[in-house]
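Chain and residue survey
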Amino acid sequence: MPTFYLDDNPIEFEPGEKVLAAALRSGFHIPHYCYHPALSIVATCRMCLVDVVDMGNGRPAPKLMTSCSMDPADGMKIETKNEKVKEARELVMEFLLVNHPLDCPICDQAGECTLQDFSFEYGSGSSEMEYSKRVYGWRDIGTFVMLERNRCIHCTRCHRFTTEVTGTHEFGTFNRSHQLTVDTFTDRPMTNKFQGNMADICPVGCITEREFRFKRRAWKLQKTNSICTHCSTGCNITVEQDQNTVFRLKPRENQEVNQWWMCDDGRVSLRQFNNKKNRIMQPMGRVQGTLVKASWEQIYEAIKDKVKQLAVKKDEVVAITDTHASNEELFLLKKLLHDVFSSEHVFFPLRLWAQPDSPNFIDTLITTDKSPNTAGAIALGIKGNEDDSALKQVLSEKTKLAFVLGNPLGKESEIYDLVSKADLIICIGTVLNEWAERADVLLPGSTPVEKEGTFINKNHRVQKINAAVKAPRHAKADWLILQELIQSLGKQSTFQSTSEIFNSLATTLETFQGLTFEDVGDLGCSLPAT
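Let me sum up the structure you'll find in this document. (Residues numbered from 1 in each chain as written. Predicted model: local features only at pLDDT ≥ 70, side-chain atom pairs only at ≥ 80, totals over all residues. Heavy atoms only, no water.)

Remarks on the nonpolar core
Core analysis: the largest hydrophobic core is formed by 55 residues, its most contacted members being Leu336, Phe341, Leu401, Phe403, Leu443, Leu485 and Phe512. Per-element tally for this core: the top contributor is helix α9 (residues 327-341), with 8 residues. Look past the residues within four positions of Phe341 in its chain and what remains in contact with it is Val307, Val312, Lys314, Val317, Leu336, Leu401, Phe403 and Leu489. Counting residues in hydrophobic clusters, the runner-up holds 52 residues, among them Val182, Met190, Cys235 and Phe273. (Core = buried A, V, L, I, M, F, W, Y, C linked by side-chain atoms within 4.5 Å. Buried < 20%, exposed > 50% of the residue type's maximum accessible area, 1.4 Å probe, protein only. Helix = DSSP H or I, 4+ residues; strand = E, 2+ residues; numbered from the N terminus. Contact = heavy atoms within 4.5 Å.)

Here you go:
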């Protein structure tokens, strides 16, 4: 491959690749504001200026060049740290700060603001400006983000995002020169489902999320790599929390899944993780029609005695799960019924789903399948059909014992009525819902931000969630509850972690053959069978 030299460091580049892109890919930092790999190149901020001392033909460039728009040449030599470049960066920083307010103490971007970082690293610390700063009025631009135009440095990332990525053309730049501003068109607030991405790519505090506004300082947030469980796309995200409360879900780059983006609905799904009002906080059993609290030991002993008393046969037990359960949980649910009762009656609600047919990649992130692991349930051999006829057939016969994992089937009353005829209903979940009203036993599980596990998205990619916050004191990971149920009912199961369970199911099931938990990694991997 052809090579250019950046401060004497050789960097290989591909045809069509710009100097800045090649440098960033190779781990070398050149400051920039307007450049983003998903957007067109405009070279407006001028922060990425570099000095080309040899254009590859022995002659220097006549002036400093913007590295984001410059094509490298074989043998080209570039300097980014000499006095000429240093002076240019100081002048650019002074110009960008001419009208920028000193809002850092109240700005949500403080702590992750590149204007702050570059001011410290590349700024001169002085300014020749002696007149009042330009001040814009406040504008309400949409349902999800806030606009503080006084802070704008005119990088135009937001304008290019709505033009090139979402294709909605609802945001733009207006006026010229000193009065240049960004805004929505008059009386046309933003309504697209990807507004939060504008806050992500804004390098300053001009565009911020309403949901996060004035909640926490960015440097207090602890970040954990995970995936969004709001739908079957499985966007890669970071879960950002402080003091065991989730404050933000932010997209994490994965070119095979969501590139740099996620939808606004996925962002606000964090509300369910902070819900404590109807959370199942500890095990409960129904005594004379009323649910009463008990210890885990008491609950397991009561379940053991009741199952023994009922003398449950394999055709008299059924398990129903939603597809918010991880692969490991579904595997252990099947193991519970198979090892203890020799039954294969494990069902999930299979539903048809669709997504927009759009030339814009970002639109394909939204699907009608609002569960993260439908493909996983199918790959694990869990039974399901669109009208639930197989489940109804099993339930129409005598059912003595029913296990319910999560919140399957929504508000379909016919299934509730059929399951309610069982002598013992054991529910594993996180919140009080319609199943809890019918349950004889409630076992408190964990939300996706409180546990580890794997899911398979709509494109058959295996991906991993990680524990970002601690579950309530008496709650447990769902896989651990299922394993303890197996043990309390007299069968052996000795998994110590989700990685052990995954490796076991990968050797057991043909669809996972050859995979290991380490193969999944932070970016996931394709399911071998596909």
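Okay, back to it.
Thoughts on unusual backbone geometry
Phi at Phe214 takes a positive value of approximately 60°, unusual for a residue other than glycine. You can see Phe214 is positioned in the loop between β9 (207-209) and β10 (222-227). Classification of Phe214 as exposed rests on a relative accessible area of 56%. You will see that Gln259, though not glycine, has its phi angle at about 55°, which is positive.

Overview of the packing of α9 against helix α14 (residues 478-488)
At a closest axis distance of 9 Å, the pairing of α9 and α14 adopts a crossing angle of 10°. The angle between α9 and α14 places the two elements in the roughly parallel class. Every residue of α14 that contacts α9 at Glu329, Leu332, Leu333, Lys335, Leu336 and Val340 is listed here: Asp478, Trp479, Leu482, Gln483, Leu485 and Ile486. Residues that form the contact of α9 with α14 fall into these classes: 8 nonpolar, 1 polar and 3 charged. (Axes fitted to C-alpha atoms, helices over the stretch in contact; angles between N-to-C directions. Parallel < 35°, antiparallel > 145°, perpendicular 65-115°, else oblique. Nonpolar A, V, L, I, M, F, W, Y, C, P; charged D, E, K, R; others polar.)

Observations concerning the packing of aromatic side chains
As enumerated under the stated definition, the model contains 11 aromatic pairs in all. Here the aromatic rings of Phe341 and Phe403 are separated by 6.3 Å at their centres, their planes lie at 50°, and the arrangement is tilted. With Phe341 in helix α9 and Phe403 in strand β17 (residues 401-405), the pair connects residues that are 62 residues apart, well separated along the chain. Both residues of the pair, Phe341 and Phe403, count as buried. Ring plane angle 85° and centroid distance 6.0 Å describe the contact between Phe502 and Phe512, whose orientation is recorded as edge-to-face. Here Phe502, found in helix α15 (residues 498-508), pairs with Phe512, found in the loop between α15 and α16 (517-520); they are 10 residues apart in sequence, far enough to count as distant. Taking relative accessible area as the criterion, Phe502 reaches 0% and is therefore assigned buried. Grouping aromatic residues by their ring pairs yields a cluster made of Tyr33, Phe118 and Tyr122. Over the ring of Phe212 we find Arg248, and its NZ or CZ is 4.3 Å from the ring centre. One residue, Lys476, lies across the ring of Trp296, its end atom 4.6 Å from the ring centre. (Phe/Tyr/Trp six-rings, centres within 6.5 Å; stacked < 30°, edge-to-face > 60°. Lys NZ or Arg CZ within 6 Å of the ring centre and 35° of its normal.)

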